[in-house]
Amino acid sequence: MTEEKLSTFTAPKGTYDLLPTVNSAAYLAIRERLSAPLRRAGYGYVETPVFEDVKLFSRGVGESTDIVTKEMFTLTKRSEEDLALRPEGTASVVRAALEANLHKLGNLPVKLWYSGNFYRYEKPQKGRYRQFSQVGAEAIGAEDPALDAELIILADDAFRALGLRDYRLLLNSLGDQQCRPVYRTALVGFLAGLDLDEETRRRAEINPLRVLDDKREAVQAQLVDAPKLRDYLCEDCKAYDEKVRELLTAAGVAFVDDPKLVRGLDYYTRTTFEFVHGGLGAQSAIGGGGRYDGLSEMLGGPALPSVGWGLGVDRTFLALEAEGVVLDLPATTEVYAVALGEEAKNVLFAKVVELRRAGVATDLAFGVKSIKNAMKSANRSGARYALIAGDRDLAEGVVQLKDMESGEQTPVALEALVTTLKEKQL
């Protein structure tokens, strides 16, 4: 007789499982702390579908981008719609805001934040996954350098609150519809003299700025003398850019000018930025974003100048690891109850329910036959205290409260149990 074969199913390539024994608590804490500054700044939570019309991304993100041409997961058709898993969050959030007419409900900008998974068909490696997690923010409907600065400061505050230090903020301006065409003409002329492959030349014809974002060393080596967009900014864009920098400096946020920073999306205008971490190797970006004043109109809406960012939860986790930062995470279980007998179990079960309702994280030894195994479970749970009760304890109206750190054990009256544990600031 052969042994039954265990399941051979594994997580799809480029994805991972979050498990409580490894990292799920840290991921939850990262999401919470990345979003905390946003909630304090008046941003409301939004959640959009994980799949959308393909045209939303081809029109909004850009048909020349790798995201649209190479990396988007499209879904098998069951209707006339062409659908794709969302590769980024901004286009979906702007679509949702327009559909709900949020821009007509009150003061602008409409401030929104989100948290979720996104999908790109990429070559999997550390820090680059086919399913990845982000916390994002969008401020829709206002053209104000203070708003750009606000979002950058909120991201910087979030990273610092997590304990990160070994990162840099890269900053650039992409100009607007007035000055960018002049720069585009100069860049096209420069690129025409380079030894570029056919695909890169095709990309340059659609959006030459995308060539600046090419990560290949052979291409970057030829771009050393490329014209800098900063030299072509109109007076309005220069003033806007200088104001953003002034506000960041006043808030104590350091930044580095990066004239080649264009990010990977076509909708950016003026301010563009990226946070990069020194301990992540090639996949160094832990977040980024910028201003996208024309996206609403690209999606069929009114002119709503906007700015936003996305911060990578996965990359932030790896950055914390690289710096050796250990998050202070609350214990999953603070009190672990061990019953010696069925009658004691009935009593302790009721007390466990009461403690949970009082806000104390409590668990019970289920299906355990011996006190020895039950106490092993209590140790593995990480609980600070164990509740132990048998028939004699119940006859006396008490349970034994054991400090799992010191080993000290004291009787506590059943009626005073919840109060006693709350006094211990659990």
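*Asks:* Explain a nonpolar patch on the surface to me, please; I cannot follow it from the model alone.
*Replies:* Together, Val50, Phe51 and Leu75 make up a nonpolar patch on the protein surface, roughly 220 Å² of accessible area in all. The residue valine 50 is located in the loop between strand E1 (44-45) and strand E2 (51-53) in this model.

*Asks:* Looking at this structure, how should I read the sheet that holds strand E10 (residues 306-312)?
*Replies:* In a beta sheet, neighbouring strands are held together by backbone hydrogen bonds and run either parallel or antiparallel to one another. Taking strand neighbours across the sheet as the criterion, the eight strands line up as E1-E4-E5-E10-E9-E8-E6-E7 in an open arrangement whose pairing is mixed. At either margin of the open sheet sits one strand with a lone partner, and together these are E1 and strand E7 (256-257). Note that strand E8 (residues 269-277) and strand E9 (residues 285-291) share six bridges and pair antiparallel. Looking at the pairing, threonine 272 lines up with glycine 290 of E9.

*Asks:* In this structure, what is going on with the pairing of strand E13 (residues 385-389)? I would like to understand it.
*Replies:* Regular strands place side chains that alternate from one sheet face to the opposite one. The element E13 is extensively covered by neighbouring structure, given that five of its five residues are classed as buried. Here E13 shows no split at all, with Tyr385, Leu387 and Ala389 on one side and Ala386 and Ile388 on the other all buried. Bridging between E13 and strand E14 (residues 398-403) involves four bridges; their strand directions are antiparallel. In the strand pairing of E14, alanine 386 is matched with lysine 402.

*Asks:* Could you clarify how one ought to interpret the pattern of salt bridges in this entry?
*Replies:* Side-chain pairs of opposite charge can arise where the charged atoms are in close proximity. What the rule picks out here adds up to 22 salt bridges. Between arginine 160 and aspartate 156 there is a salt bridge, with its nearest N and O atoms 3.4 Å apart. Of this pair, arginine 160 and aspartate 156 are both found in helix H5 (residues 145-162), four residues apart, which corresponds to roughly one turn of the helix. Taking relative accessible area as the criterion, arginine 160 reaches 38% and is therefore assigned partly exposed. Classification of aspartate 156 as buried rests on a relative accessible area of 5%. We note a salt bridge from lysine 351 to glutamate 354, for which the minimum N-O separation is 3.2 Å. Taken as a pair, lysine 351 and glutamate 354 lie in helix H13 (residues 342-357) at a separation of three residues, close to a single helical turn. Its relative accessible area of 14% is what places lysine 351 among the buried residues. A residue is classified by how much of its surface remains accessible, and glutamate 354, at 36% relative accessible area, is partly exposed. What emerges from the salt-bridge pattern is a single network uniting Arg230, Asp241, Arg245 and Asp257.

Criteria and cut-off values
- Residues numbered from 1 in each chain as written.
- Predicted model: local features only at pLDDT ≥ 70, side-chain atom pairs only at ≥ 80, totals over all residues.
- Heavy atoms only, no water.
- Patch = residues over 30% accessible without salt bridge, like charges linked within 9 Å, V, L, I, M, F, W, Y side chains within 5 Å.
- Areas by Shrake-Rupley, 256 points an atom, 1.4 Å probe, with all protein chains shown as cover.
- Salt bridge = Lys/Arg side-chain N within 4 Å of Asp/Glu carboxyl O.
- Helix = DSSP H or I, 4+ residues; strand = E, 2+ residues; numbered from the N terminus.
- Pairing = 2+ DSSP bridges.
- Buried < 20%, exposed > 50% of the residue type's maximum accessible area, 1.4 Å probe, protein only.

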